[in-house]
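Breakdown of the fold
So the chains spell out like this:
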Amino acid sequence: MSKIKKNVIKLTLLSTLCSTAYAGNVEVLHYWTSGGEAAALKVLQEMMDEEGHSWTDFAVAGGGGETAMTVLKSRAISGNPPTSSMIAGPEIQQWGELDVLENMDSVAKAENWDNLLPKNVADIHKYNGHYVAAPVNVHRINWMWINKSILDEVNKGEVPTNWDDFIAFLDNASSAGYIGFSHGGQDWQDATVFEQIALGTGGAKWYKKAFVELDDSAINSPEMTKTFERFRQLKSYMDKGMPGRDWNLATAQIIEGKAAVQIMGDWAKGEFTAAGKQPGKDYICAAVPGTVDSFTFNVDAFMMFNNQNPKNSEAQKTLSKLLVSKTFQEEFNLKKGSIPVRPDVNIERFDSCAKLSMKDFKDSSSSGSLVPSFAHAMAMTPDVSGAVYDVVTRFFNEDSMSAKQATTKLASAIKSAP
Ligand code: BGC
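Fair warning: this is a prediction, and the values are worked out from it, not measured in the lab.

1. Focus: the site of the ligand
Every residue near the ligand is listed here: Tyr 31, Trp 32, Glu 37, Gly 63, Gly 64, His 139, Trp 247, Trp 267, Asn 298, Asp 300, Lys 336 and His 376. Within the backbone of Gly 64, one N or O atom sits 2.9 Å away from an oxygen atom of the ligand. In this structure, an oxygen atom belonging to the ligand sits 2.6 Å away from a side-chain N or O atom of Asp 300. For the ligand, whose unbound accessible area comes to 310 Å², protein coverage reaches 99%. One can see that the ligand is located within the largest cavity. Classifying every residue of the shell around the ligand gives 4 nonpolar, 5 polar and 3 charged.

In structure tokens:
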């Protein structure tokens with residue numbers, strides 16, 4: 001064998017050894033199981049694969065992530081947390097207190113996260129000043145998703161911008177034989193619709209007082225009672241299959257032209273995208289009536305758990321690096337329906353809904369009408385939001401409870417929540 005040939009073989013062997021030597025595994029807990037969500041997650045799985053690391057998928061079905069968070073707690077309590085888990089908002093701090101999270105500062109420093117992420121977003125993902133989670137997006141919640149051909153047929157293409165016009169549109173759609181309002185009766189979906197009606201009814205300032213500051217006079221108020229009344233009003237436009245329906249099946253009713261409108265965060269857009277539908281042509285995205293100048297947000301992030309295996313620790317660092325990287329944020333958000341959390345990502349390939357979301361995010365943060373979603377874990381601790389969920393869903397299911405009674409119940413539930 002020639003000397004050159006021998007050297008080539010040596011080099012090939014060496015590089016194979018090196019690449020396998022670095023390969024680690026990440027086990028990732030998440031709840032992205034719908035068509036659009038799975039397509040978005042695949043971007044990450046493929047990027048990890050390209051980096052030579054393997055992926056163990058731990059999917060816990062259930063929109064909004066309540067079940068996933070329960071499973072995460074039981075795994076952490078039994079001393080067996082995954083490498084990483086999806087998470088949102090203030091809950092990160094509670095996990096930090098348990099001393100189970102991995103410090104990701106070395107990645108954050110090398111990748112310059114402090115300068116790339118808006119400070120308020122960065123802070124949510126730090127515990128005691130150290131990064132323990134990597135944020136991937138900004139979801140806007142105050143959207144309605146309208147079937148374009150139904151809108152054209154029953155409402156002359158006019159998008160309703162206030163509550164009365166919205167109800168008139170639902171009336172028109174029902175009279176024409178469509179389901180007016182598409183909904184899935186699950187507590188987190190009830191809370192999602194409720195918080196948007198609240199924002200449209202009381203405005204951003206009141207919303208913050210009631211749901212962020214938990215101010216009793218804002219909670220126990222005519223605005224809240226009106227919100228409950230409006231929420232009940234919507235019920236008559238829902239179909240019989242509503243109880244327990246998953247959110248993506250509600251979105252499918254809009255996509256298939258069975259229902260006129262759904263109120264849902266822009267993960268719903270991921271379903272339209274996965275079905276090959278286009279905004280402006282097949283569907284319309286527009287702010288929930290009364291919320292055009294506001295923006296309710298949540299940020300999806302991946303939290304990193306302590307881990308002792310050096311190879312998996314390398315893989316965990318790669319995962320963190322990828323999550324905040326420009327390429328991932330662009331490719332992932334194009335599929336997820338959200339917008340990148342990094343302001344420097346190229347926006348050319350994003351659609352009109354995403355571009356509007358980017359603009360409204362900026363405008364609302366300078367005007368003070370950017371508000372965190374309590375239905376999506378950004379405004380309250382899980383104990384408080386759980387208490388709110390209970391009252392909202394009970395009211396929705398018990399027609400004998402008046403809006404006034406619900407308001408009083410909500411105020412006392414929030415007061416007595418731990
Ligand atoms: C999450 C989204 C997810 C949606 C439905 C929200 O709380 O932020 O990423 O797609 O729930 O499960």
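2. Let's talk about the packing of helix 2 (residues 35-50) against helix 15 (residues 310-324)
Relative orientation of the contacting elements helix 2 and helix 15 amounts to 130°, with a least axis distance of 10 Å. One finds that helix 2 runs oblique with respect to helix 15. In the crossing of helix 2 with helix 15, the sense of the turn from one axis to the other is right-handed. Here Leu 44, Met 47 and Met 48 of helix 2 lie close against helix 15, whose contacting residues are Ala 315, Thr 318, Leu 319, Leu 322 and Leu 323.

3. Let's talk about the packing of aromatic side chains
Summed over all chains, the structure comprises 20 aromatic pairs. Ring centres 4.7 Å apart and planes at 45° place the aromatic pair Phe 194 and Phe 228 in the tilted group. On the criterion of sequence distance, the pair formed by Phe 194 in helix 10 (residues 187-212) and Phe 228 in helix 12 (residues 222-235) is long-range, its members being 34 residues apart. In this structure, Phe 194 and Phe 228 share a single accessibility class: buried. Their ring planes at 65° and their centres at 5.2 Å tell us that Phe 295 and Phe 361 sit as a pair that is edge-to-face. Here Phe 295, found in strand 12 (residues 295-298), pairs with Phe 361, found in helix 17 (residues 352-367); they are 66 residues apart in sequence, far enough to count as distant. Since its relative accessible area comes to 0%, Phe 295 is described here as buried. Clustering of aromatic rings is evident, with ring pairs tying together Phe 194, Phe 228, Phe 231, Phe 395 and Phe 396.

What counts and what doesn't
Residues numbered from 1 in each chain as written. Predicted model: local features only at pLDDT ≥ 70, side-chain atom pairs only at ≥ 80, totals over all residues. Heavy atoms only, no water. Near = heavy atom within 4 Å. Polar contact = N/O pair within 3.5 Å; in protein donor to acceptor, adjacent residues only side chain to side chain. Areas by Shrake-Rupley, 256 points an atom, 1.4 Å probe, with all protein chains shown as cover. 1 Å grid on protein atoms, 1.4 Å probe; cavity = no way out; pocket = protein on both sides within 12 Å on 5 of 7 lines; lining within 4 Å. Sits in = over half its atoms within 2 Å of the grid points. Nonpolar A, V, L, I, M, F, W, Y, C, P; charged D, E, K, R; others polar. Axes fitted to C-alpha atoms, helices over the stretch in contact; angles between N-to-C directions. Helix = DSSP H or I, 4+ residues; strand = E, 2+ residues; numbered from the N terminus. Parallel < 35°, antiparallel > 145°, perpendicular 65-115°, else oblique. Left-handed = near helix turned anticlockwise from the far one by under 90°. Contact = heavy atoms within 4.5 Å. Phe/Tyr/Trp six-rings, centres within 6.5 Å; stacked < 30°, edge-to-face > 60°. Buried < 20%, exposed > 50% of the residue type's maximum accessible area, 1.4 Å probe, protein only.

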